[in-house]
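So you can see what is in the structure, the chains are spelled out below.
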Amino acid sequence: MQHEAIYELYSNVVSISGDGSDAVAKDANGNVVSWDASAVTTKQNELQAAEDLRLLRVERDKRLAETDWWMFSDTATATQAQLDYRQALRDITASYSNLDDAVFPSKP
């Protein structure tokens, strides 16, 4: 994720070799581009948080898709428990930002 953070912060960087404090970023002319470790760490944390939230949404969307048929007009009317379950799934990102920590509601 460090490389992604450097690329995000320094648009002139076209290649990176190494990792950690030994990472060397270079521009298109092969010149070494200095980078700020603190800024890169902050950006890494932002990118990781965004990825964690994306994965949570993928799982949430999968669970919603599994229950979409409840809402079709040619099926029986959805129960309140089904409606509440789907709403709790839609609201899960308000309480959690990470798939590992998320507690999903029980499917009725």
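Before reading on, note that the structure itself is shown above.
In this report, the structure presented in the accompanying data block is examined. (Residues numbered from 1 in each chain as written. Predicted model: local features only at pLDDT ≥ 70, side-chain atom pairs only at ≥ 80, totals over all residues. Heavy atoms only, no water.)

Each helix and strand counted, the chain has three helices and three strands in total. From first element to last, N terminus to C terminus, the chain shows the α and β order α-β-β-β-α-α. Taken over the C-alpha trace, the chain has a radius of gyration of 21 Å; the compact-globule value for 108 residues is 13 Å, which it surpasses by more than 25%. C-alpha extents for the chain along the principal axes are approximately 65 × 25 × 15 Å. A burial count over the chain gives 26% of its 108 residues as buried. Of all intrachain contacts in the chain linking residues separated by at least 6 positions in sequence, the fraction that spans at least 24 positions is 45%. When the accessible area of the chain is evaluated, it comes to approximately 7,000 Å², of which 49% is carbon and sulfur surface. Considering the chain, the positive charge centre built from 10 side chains and the negative charge centre built from 18 side chains are found 7 Å apart. (Helix = DSSP H or I, 4+ residues; strand = E, 2+ residues; numbered from the N terminus. Rg over C-alpha atoms; globule rule 2.2 N^0.38 Å. Buried < 20%, exposed > 50% of the residue type's maximum accessible area, 1.4 Å probe, protein only. Contact = heavy atoms within 4.5 Å. Areas by Shrake-Rupley, 256 points an atom, 1.4 Å probe, with all protein chains shown as cover. Lys, Arg positive; Asp, Glu negative; His and termini not counted. Charge placed at Lys NZ, Arg CZ, Asp CG, Glu CD.)

To continue, consider the packing of helix H2 (residues 37-66) against helix H3 (residues 80-95). Two elements in contact, H2 and H3, have axes separated by 9 Å at closest approach and are oriented at 170°. With respect to their mutual orientation, H2 and H3 come out roughly antiparallel. Contacts from Leu53, Leu56, Arg57, Arg60, Arg63 and Leu64 of H2 reach H3 at Tyr85, Arg86, Leu89, Arg90, Ile92 and Thr93. Residues of the contact of H2 with H3, tallied by class, amount to six nonpolar, one polar and five charged. (Axes fitted to C-alpha atoms, helices over the stretch in contact; angles between N-to-C directions. Parallel < 35°, antiparallel > 145°, perpendicular 65-115°, else oblique. Nonpolar A, V, L, I, M, F, W, Y, C, P; charged D, E, K, R; others polar.)

A word on the pattern of salt bridges. In this structure the tally under the stated criterion is six salt bridges. Residue Glu51 is joined to Arg54 by a salt bridge in which the shortest nitrogen-to-oxygen separation is 2.9 Å. With Glu51 and Arg54 both in helix H2, this residue pair falls three residues apart, about one helical turn. Here Lys62 and Glu59 are joined by a salt bridge, their closest N and O atoms 3.4 Å apart. (Salt bridge = Lys/Arg side-chain N within 4 Å of Asp/Glu carboxyl O.)

With that settled, the discussion passes to the environment of Glu4. Its location among the elements puts Glu4 in helix H1 (residues 2-9). At 3.2 Å, the side chain of Glu4 forms a polar contact with the backbone nitrogen of Met1. (Polar contact = N/O pair within 3.5 Å; in protein donor to acceptor, adjacent residues only side chain to side chain.)

We now examine the environment of Arg86. Examined against the element boundaries, Arg86 turns out to sit in helix H3. Spatially, the C-alpha atom of Arg86 lies 51 Å from that of Val32, the residues being 54 residues apart in sequence. If near-sequence neighbours (up to four positions away) are discounted, Arg86 is found in contact with Leu64, Thr67, Asp68, Trp70 and Met71.

Now for the sheet that holds strand S3 (residues 32-33). With respect to topology, three strands assemble into an open sheet ordered S1-S2-S3, the strand pairing being antiparallel. Two strands in the sheet have a free side with no partner beyond their single neighbour: strand S1 (15-17) and S3. Note that S1 and strand S2 (residues 24-26) share three bridges and pair antiparallel. Each bridged residue has a counterpart across the sheet, and for Ser15 the counterpart in S2 is Lys26. (Pairing = 2+ DSSP bridges.)

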